[in-house]
Amino acid sequence: RPQIAMAYFTRVHFRVVAHTHHGEAVHVVGASPSLGCWEPLQGVALETDGESYPVWRATVSLPAEQPLAYKLVLIDGGMSGYPQLKAWEGIAGNRELCPRGDEMTVEVVMH
């Protein structure tokens, strides 16, 4: 009987402090298909509200024990209704993450 390899995923809770302007949004984008394969508009959109701002949140399942490069981007919703990339976060290089366990929280400040 052949053994079937089961993919194991970690629920990653992103908690990002980002000061934005009205109409702007924060996305997590990275090397994984789950993070948009470095396409900013395909990344994971974080959410905030009046009570939790400037904290933005999202949860995504990522392959466990597989190091992953990622970065935060600022998206401008625009008056036209067509979102577009406004800026990559201003850090040198990428952030690194290695999902572990069933769940984990990543807390970062967007620069």
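Preceding this paragraph is the structure being described.
Not measured: the values here are computed from a predicted model.

Each value, and the rule that gives it
- Per chain, residues are indexed from 1 in the order of the written sequence.
- Local features in this predicted model are restricted to residues whose pLDDT is 70 or higher, and side-chain atom pairs enter the listing and the counts only when it is 80 or higher, whereas totals over whole chains, interfaces and linings include all residues.
- Side-chain metrics in this entry use all non-hydrogen atoms of the structure; hydrogen atoms and water are not considered.
- Helix and strand assignments come from DSSP, with helices taken as H or I runs of at least 4 residues and strands as E runs of at least 2, each series counted from the N terminus.
- Residue contacts are counted whenever heavy atoms from the two residues lie within 4.5 Å of one another.
- Exposure was quantified through the Shrake-Rupley algorithm and a 1.4 Å probe, taking into account, for residues, occlusion by the shown protein chains and nothing else.
- A pairing counts as a salt bridge when a side-chain nitrogen of Lys or Arg comes within 4 Å of a carboxyl oxygen of Asp or Glu.
- Relative accessible area decides the class of each residue, using a 1.4 Å probe on protein chains only: under 20% of the type maximum gives buried, over 50% gives exposed, and in between gives partly exposed.
- A pair of strands counts as paired when DSSP detects no fewer than two bridges linking them.
- Every angle, taken between N-to-C directions, lies between 0 and 180 degrees, and every axis is a line fitted to C-alpha atoms, over only the stretch in contact when it is a helix.
- Only buried Ala, Val, Leu, Ile, Met, Phe, Trp, Tyr and Cys residues count toward a nonpolar core, and they belong to the same one when joined by side-chain atoms within 4.5 Å.
- Pairing of aromatic side chains here covers Phe, Tyr and the six-membered ring of Trp, requires ring centres within 6.5 Å, and sorts the geometry by plane angle: under 30 degrees stacked, over 60 edge-to-face, intermediate tilted.

(A) Geometry of the overall build of the chain. Within the chain, the regular secondary structure consists of zero helices and eight strands. In the chain, the succession of helices and strands from N to C terminus is β-β-β-β-β-β-β-β. If you line up the chain on its principal axes, its C-alpha atoms span 60 × 25 × 25 Å. The contacts in the chain between residues at least 6 apart in sequence include a share of 66% that link residues at least 24 apart. In the structure as shown, the chain presents an accessible area of about 7,000 Å², 53% of it carried by carbon and sulfur atoms.

(B) Just the pattern of salt bridges, in detail. Evaluation of the coordinates by the stated rule reveals four salt bridges. Between Arg95 and Glu89 there is a salt bridge whose closest N-O contact spans 2.8 Å. The pair formed by Arg95 and Glu89 is uniform in burial state, with each residue classed as buried.

(C) Seen up close, the sheet that holds strand β8 (residues 103-109). Taken in spatial order, the three strands make up an open sheet running β4-β1-β8, and their pairing is mixed. The open sheet has two edge strands with one neighbour each: β4 (55-63) and β8. Adjacent strand axes in the sheet meet at a mean angle of 20° when their direction is disregarded. Pairing analysis gives nine bridges linking strand β1 (residues 9-17) to β4, with the strands arranged antiparallel. When the bridges of β4 are listed, Thr10 appears paired with Leu62.

(D) Quick look at the pairing of β1. Examined bridge by bridge, β1 and β8 share seven bridges and lie parallel to one another. When the sheet's bridge partners are listed, Arg15 is paired in β8 with Glu107.

(E) Quick peek at the nonpolar core. With 21 residues, the main nonpolar core has Phe14, Leu35, Leu46, Tyr70 and Leu97 as its most contacted residues. Counting only elements with at least two residues in this core, the list comes to β1, β2 (24-30), β4, β5 (68-76) and β8. Leaving out residues up to four positions away in the same chain, Leu46 has contacts with Phe14, Val16, Val26, His27, Val28, Trp56, Arg57 and Ala58.

(F) Just the packing of aromatic side chains, in detail. Per the counting criterion, the structure on display carries two aromatic pairs. Between Phe14 and Tyr70, the aromatic rings sit 5.6 Å apart at their centres with planes inclined by 65°, giving edge-to-face as the arrangement. Highlighted residues: Phe14 in strand β1 and Tyr70 in strand β5, separated in sequence by 56 residues. For the residue pair Phe14 and Tyr70, the accessibility class agrees, reading buried in each case. Plain terms: the ring middles of Trp38 and Trp88 are 6.3 Å apart, the flat faces sit at 40° to each other, and that makes the pair tilted. In this pair, Trp38 sits in the loop between β2 and β3 (44-45) while Trp88 sits in strand β6 (residues 84-88), placing the two residues 50 residues apart along the sequence. Taking relative accessible area as the criterion, Trp38 reaches 29% and is therefore assigned partly exposed.

On their own, these measurements won't tell you what the molecule is for.
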